[in-house]
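Letter by letter, the chains look like this.
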Amino acid sequence: GGAGLGGGGRLDPPRGSARQSSTRIDPSQIPRPTASDTAERFLTRTSLGGLPPPAASNYIATDDGNASPRLMRLTLNQICSLNDATKAAAIPVAAVIQPLAEPAPGELPVPVVDPGPDGPMRCGRCRAYINPFFSFVERGNAFMCNLCNQVTPV
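Draft legend 1. Quick look at the overall build of the protein chain. Across its full length, the protein chain carries one helix and seven strands. The secondary structure elements of the protein chain, listed N-terminal to C-terminal, are β-β-β-α-β-β-β-β. By residue count, 14% of the 154 residues in the protein chain fall in the buried class. Here the contacts in the protein chain between residues at least 6 apart in sequence split such that 21% fall between residues at least 24 apart.

Draft legend 2. Quick look at the nonpolar core. Counting six residues, the largest nonpolar core consists of Cys-123, Ala-128, Phe-134, Phe-143, Cys-145 and Cys-148. With residues near it in sequence (within four places) discarded, Cys-148 still touches Cys-123, Arg-125 and Cys-126.

Draft legend 3. Region of interest: the sheet that holds strand β7 (residues 151–153). Read across the sheet, three strands follow the order β5-β6-β7 without closing on themselves; strand pairing throughout is antiparallel. Of all the strands in the sheet, just β5 (135–137) and β7 have a single pairing partner and so form its edges. Direction aside, the axes of adjacent strands within the sheet are offset by 30 degrees on average. As judged from the three bridges shared by strand β6 (residues 142–144) and β7, these two strands associate in the antiparallel manner.

Draft legend 4. The arrangement of unusual backbone geometry in detail. With phi around 65 degrees, Arg-127 is a residue other than glycine that occupies positive phi space. Mapped onto the secondary structure, Arg-127 falls in the loop between β4 (95–97) and β5. Here Arg-139, not a glycine, exhibits a phi torsion of approximately 55 degrees, which is positive.

Draft legend 5. Structural context of the confidence of the model for the protein chain. Confidence in the prediction of the protein chain, expressed as mean pLDDT, is 83, and 85% of residues score 70 or more. Segment residues 1–5: pLDDT under 50, and 13 contacts once partners within four positions in sequence are set aside and those in other chains are kept.

Draft legend 6. A look at the state of the cysteines. Taken as a whole, this structure holds zero disulfides when the rule is applied. Cys-123 takes part in no disulfide bond, and the closest cysteine sulfur, belonging to Cys-148, lies 3.5 Å away. Sulfur of Cys-145: no disulfide; nearest cysteine sulfur belongs to Cys-126 and is 3.7 Å away.

Draft legend 7. Inspection of the pattern of salt bridges at higher detail. Within this structure, the stated rule accounts for one salt bridge. We note a salt bridge from Glu-107 to Arg-70, for which the minimum N-O separation is 2.8 Å. With Glu-107 in the loop between β4 and β5 and Arg-70 in the loop between β2 (59–62) and β3 (72–74), the pair connects residues that are 37 residues apart, well separated along the chain.

Draft legend 8. How the structure looks around the environment of Asp-26. Its location among the elements puts Asp-26 in the segment before β1 (40–43). With relative accessibility at 39%, the residue Asp-26 sits in the partly exposed group. Looking at Asp-26, its side chain comes within polar contact range of the side chain of Ser-28, at 2.9 Å.

Draft legend 9. View of the side chain of Arg-73. Relative to the helices and strands, Arg-73 resides in strand β3. For the buried residue Arg-73, which engages in no salt bridge, the nearest side chain bearing the opposite charge is Glu-107, 9.2 Å off. In this structure, Arg-73 is in contact with Pro-52, Pro-53, Pro-54, Ala-55, Tyr-59, Ala-94, Ala-95 and Val-96, ignoring residues within four places of it in sequence.

Draft legend 10. Molecular detail of the packing of aromatic side chains. Here the structure, examined in full by the defined rule, presents two aromatic pairs. Of note, Arg-70 hangs over the ring of Tyr-59, and the distance from its end group to the ring centre comes to 4.2 Å. Over the face of the ring belonging to Tyr-129 we find Arg-122, whose NZ or CZ atom lies 4.1 Å from the ring centre.

Rules used throughout
Residues numbered from 1 in each chain as written. Predicted model: local features only at pLDDT ≥ 70, side-chain atom pairs only at ≥ 80, totals over all residues. Heavy atoms only, no water. Helix = DSSP H or I, 4+ residues; strand = E, 2+ residues; numbered from the N terminus. Buried < 20%, exposed > 50% of the residue type's maximum accessible area, 1.4 Å probe, protein only. Contact = heavy atoms within 4.5 Å. Core = buried A, V, L, I, M, F, W, Y, C linked by side-chain atoms within 4.5 Å. Pairing = 2+ DSSP bridges. Axes fitted to C-alpha atoms, helices over the stretch in contact; angles between N-to-C directions. pLDDT = per-residue confidence, 0-100. Disulfide = S-S within 2.5 Å. Salt bridge = Lys/Arg side-chain N within 4 Å of Asp/Glu carboxyl O. Polar contact = N/O pair within 3.5 Å; in protein donor to acceptor, adjacent residues only side chain to side chain. Lys, Arg positive; Asp, Glu negative; His and termini not counted. Phe/Tyr/Trp six-rings, centres within 6.5 Å; stacked < 30°, edge-to-face > 60°. Lys NZ or Arg CZ within 6 Å of the ring centre and 35° of its normal.

What follows is the structure, given as structure tokens:
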């Protein structure tokens, strides 16, 4: 014997199998991180290579060179350096970026550079803003624009 048509044309479950009473997920059975009353301190550069604190946890981020996970968080904590393994895993990588997120109580505000009354340095010819591709020349007394090759004194 096995499953068969019962009275009324319905399919009976196989003998020996228990009927499942509900297909809903019981929320009390879902694992969740334990909440802590004390805030964990997270140093952004010193903790490099370690896992960032969970997004919903109580933590205080100290900016010592990298962005706080409150401002920028990747969907993956570790990214494989082998291209073949990354392709085989087929896991998309994304970033959640919140540049205007409020600092948590006890955190310092995001450091801001004051470029002075003249604003950030710009190319004298094409007015491009200084960027990582500008080259400093003449012992740092001038820079060469990467867009138009104009040399502008600092």
